[in-house]
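Structural features, examined
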Amino acid sequence: MARVELQKVSKVYPGGVKAVDGIDLQIADQEFVVLVGPSGCGKTTTLRMVAGLEEITSGTIRIGERVVNDVAPKDRDIAMVFQNYALYPHMTVFNNMAFGLKLRRVPKAQILQRVHAAAKTLDIEHLLDRKPKALSGGQRQRVAVGRAIVREPAAFLFDEPLSNLDAKLRVTTRAELKRLHQRLKTTTIYVTHDQEEAMTLGERIVVMKDGVIQQADAPLATYNCPVNRFVAGFIGMPPMNFFDGAIKRVDSELVFEEGVLDSAGGLTLPGGGFRLAVPLRLRERLEGLVGTHLVMGIRPEHFHVHPRDDSAGGWAQIAVRLNVIEPLGNDMDVYMNSGLHQNVVGRLEAQSGLEIDTQATLYVDLRKVHFFEPGAAGMNLSLKSELSHALA
């Protein structure tokens, strides 16, 4: 086992296409880190550079104490699991798992012991004599993981290993991978585009966009304190709602007034939108931004039909028009319009009495709202560390 460190690592393809842009990332020994982001964000390229399958353009990669920039993939002491399993169809499960060890001329007795130990860990001992075509998708994935385990590498690298499984199997296999890491304690780098997968698996998640790390933090810290609007919108399902508007002073109080963007991207306040009191915890910080275009973020689960008993942070009312209601059991997703914004989503407590094509009043927990600079990756002004950036 070993730590993995990337220092100013970049990858530029012919034509000047920059897939990864000078990223710094330290992964501790035994840590499970998930790289997550939309297609084309650079997460798989980063993983392949760690594996040695992609040559880096600049920077340094260390595995343990060794710089591996010029080390062949087979000599980096890592094991990689791909989304397509990459099993040999003519070999049995045993031989698929043992193949890499045979190439390294590991003694037969040791191969037998490692393969059976890994198969027992993954509950596939009864499948060792079968060939891949006789296995389900989940079983094939466990074989691929077993083939990585038997090598006893310094680090595991997973490239979207669950993307070919159906929804139910993804959930159960995800839990198996988490239990496996808790047992083996091997340093793990896991790539996915599925933010739910990232939140549930990772001890730390690294959110990437356009080859740049946007935030690297614990899952709940990333969810509760996103550093910018991109992270806020990417982490969470359904995604966070964003409302353009401005801070105004009304009767010596600070309020956020909902506005709209004109064709040139400028903010207008035509009236008819909601007004929401700026939370007490943010008033001092936002005092200097009166009249400035800001974006307010509200997560769907922070809308409520009734204010909760815990009112320490305060509640605000927003009038909406209900368009679609989707029952989910204990909850329901409600698609609605605010005064000036369409396609607002709320995840509410399941209950009767709400009807489509009607007006309703919902309550927002003021402790949970965020304020961002305008733009797709506008900084989160609700975090103390970001205010100086906003006012610079």
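Let me begin by describing the structure that accompanies this report. (Residues numbered from 1 in each chain as written. Predicted model: local features only at pLDDT ≥ 70, side-chain atom pairs only at ≥ 80, totals over all residues. Heavy atoms only, no water.)

Examining the overall build of the chain
A tally of helices and strands in the chain yields ten helices and 22 strands. Expressed as lengths along the three principal axes of its C-alpha atoms, the size of the chain is roughly 80 × 50 × 40 Å. Buried residues in the chain amount to 49% of all 392 residues. Pairs at least 24 residues apart make up 64% of the contacts formed inside the chain by residues separated by at least 6 positions. Carbon together with sulfur atoms contributes 50% to the accessible area of the chain, which is approximately 18,300 Å² in total. (Helix = DSSP H or I, 4+ residues; strand = E, 2+ residues; numbered from the N terminus. Buried < 20%, exposed > 50% of the residue type's maximum accessible area, 1.4 Å probe, protein only. Contact = heavy atoms within 4.5 Å. Areas by Shrake-Rupley, 256 points an atom, 1.4 Å probe, with all protein chains shown as cover.)

Brief notes about helix 1 (residues 43-51)
Count 3.6 residues to each turn of an α-helix, and residues three or four apart come out pointing the same way. Buried residues dominate helix 1, accounting for seven of its nine residues. Buried within helix 1 are the following residues: Lys-43, Thr-45, Thr-46, Leu-47, Met-49, Val-50 and Ala-51. Phi turns positive one or two residues past the end of helix 1, at Gly-52, with a value near 90°.

Observations concerning the sheet that holds strand 10 (residues 212-217)
Taken in spatial order, the six strands of this open sheet run 6-7-8-3-9-10, and their pairing is mixed. The open sheet terminates on both sides in strands that have one partner only, identified here as strand 6 (78-81) and strand 10. For this sheet, the mean angle separating the axes of adjacent strands, direction not counted, is 15°. Sheet topology note: the strand 7 (residues 155-159)/strand 8 (residues 187-192) ladder contains five bridges and is parallel. Note that in strand 8 the partner of Ala-155 across the bridge is Thr-187. Its contacts with the sheet put helix 4 (residues 137-149) on strand 6 and strand 7, and the angle it makes with strand 6 is roughly 175°. (Pairing = 2+ DSSP bridges. Axes fitted to C-alpha atoms, helices over the stretch in contact; angles between N-to-C directions.)

A closer look at the pairing of strand 6
Residue alternation in strand 6 divides its side chains into two sets, Ile-78 and Met-80 and Ala-79 and Val-81, and both sets are buried. Of the pairings in the sheet, the one linking strand 6 to strand 7 comprises four bridges and is parallel in character. Opposite Ala-79, over in strand 7, you have Phe-156 as the bridge partner.

Notes on the sheet that holds strand 22 (residues 370-372)
Across the sheet, five strands lie side by side as 15-12-11-16-22; this open sheet has antiparallel pairing. The sheet terminates laterally at strand 15 (275-277) and strand 22, the two strands that pair on one side only. Adjacent strand axes in the sheet meet at a mean angle of 40°, parallel and antiparallel pairs treated alike. Of the pairings in the sheet, the one linking strand 11 (residues 241-250) to strand 16 (residues 293-298) comprises six bridges and is antiparallel in character. Counterpart to Asn-241 in the pairing with strand 16 is Ile-298.

Description of the packing of aromatic side chains
This structure, assessed with the given rule, holds nine aromatic pairs. Both rings, one in Phe-230 and one in Phe-234, keep their centres 5.9 Å apart while their planes meet at 20°; by these two values the pair is stacked. Remark: Phe-234 and Phe-230 occur in helix 8 (residues 229-234); sequence separation between them is four residues, near one turn of the helix. Taking the relative accessible area as the measure of exposure, Phe-234 reaches 17% and is therefore buried. Site record: aromatic cluster; members linked through ring pairs are Phe-32, Phe-156, Phe-158 and Tyr-190. Lys-209 extends its terminal NZ or CZ atom over the ring of Phe-230, reaching a point 5.8 Å from the ring centre. The ring of Tyr-223 carries Arg-299 above its face, with NZ or CZ at 4.1 Å from the centroid. (Phe/Tyr/Trp six-rings, centres within 6.5 Å; stacked < 30°, edge-to-face > 60°. Lys NZ or Arg CZ within 6 Å of the ring centre and 35° of its normal.)

Some details on unusual backbone geometry
With omega at -5°, the peptide bond leading from Met-237 into Pro-238 counts as cis. Here Pro-238 shows up in the loop between helix 8 and strand 11. Here the phi dihedral of Asp-251 falls at roughly 50°; this positive angle occurs in a residue that is not glycine. Its location among the elements puts Asp-251 in the loop between strand 11 and strand 12 (253-258).

Digging into the environment of Val-207
Following the sequence through the fold, Val-207 ends up in strand 9 (residues 204-209). Look at Val-207 and you get buried, because its relative accessible area is 0%. Through-space distance from the C-alpha of Val-207 to that of Val-171 is 21 Å; in sequence the pair is 36 residues apart. Setting aside anything within four residues of it in sequence, one finds Val-207 in contact with Val-36, Val-212, Ile-213, Gln-214, Gln-215, Thr-222, Phe-230, Val-231 and Ile-235.

Section: the packing of helix 2 (residues 93-103) against helix 3 (residues 108-122)
Remark: helix 2 packs on helix 3, axes separated minimally by 10 Å, with the N-to-C direction vectors making an angle of 135°. Taken together, the axes of helix 2 and helix 3 are oblique relative to one another. Along this stretch, helix 2 crosses helix 3, giving a crossing that reads as right-handed. Across the interface between the two elements, Phe-94, Met-97, Ala-98, Leu-101 and Lys-102 of helix 2 pack against Ile-111, Leu-112, Arg-114, Val-115, His-116, Ala-118 and Ala-119 of helix 3. Here the contact of helix 2 with helix 3 is built from residues that sort into nine nonpolar, one polar and two charged. (Parallel < 35°, antiparallel > 145°, perpendicular 65-115°, else oblique. Left-handed = near helix turned anticlockwise from the far one by under 90°. Nonpolar A, V, L, I, M, F, W, Y, C, P; charged D, E, K, R; others polar.)

So, the packing of helix 2 against helix 4
At a minimum axis distance of 8 Å, the contact between helix 2 and helix 4 shows a crossing angle of 30°. Every pair of crossing elements has a handedness; the one defined by helix 2 and helix 4 is right-handed. Contacts between helix 2 and helix 4 involve Val-93, Asn-96 and Met-97 from the former and Val-143, Gly-146 and Arg-147 from the latter. Here the residues of the contact of helix 2 with helix 4 sort into three nonpolar, two polar and one charged.

All we've got here are geometric facts, nothing functional implied.
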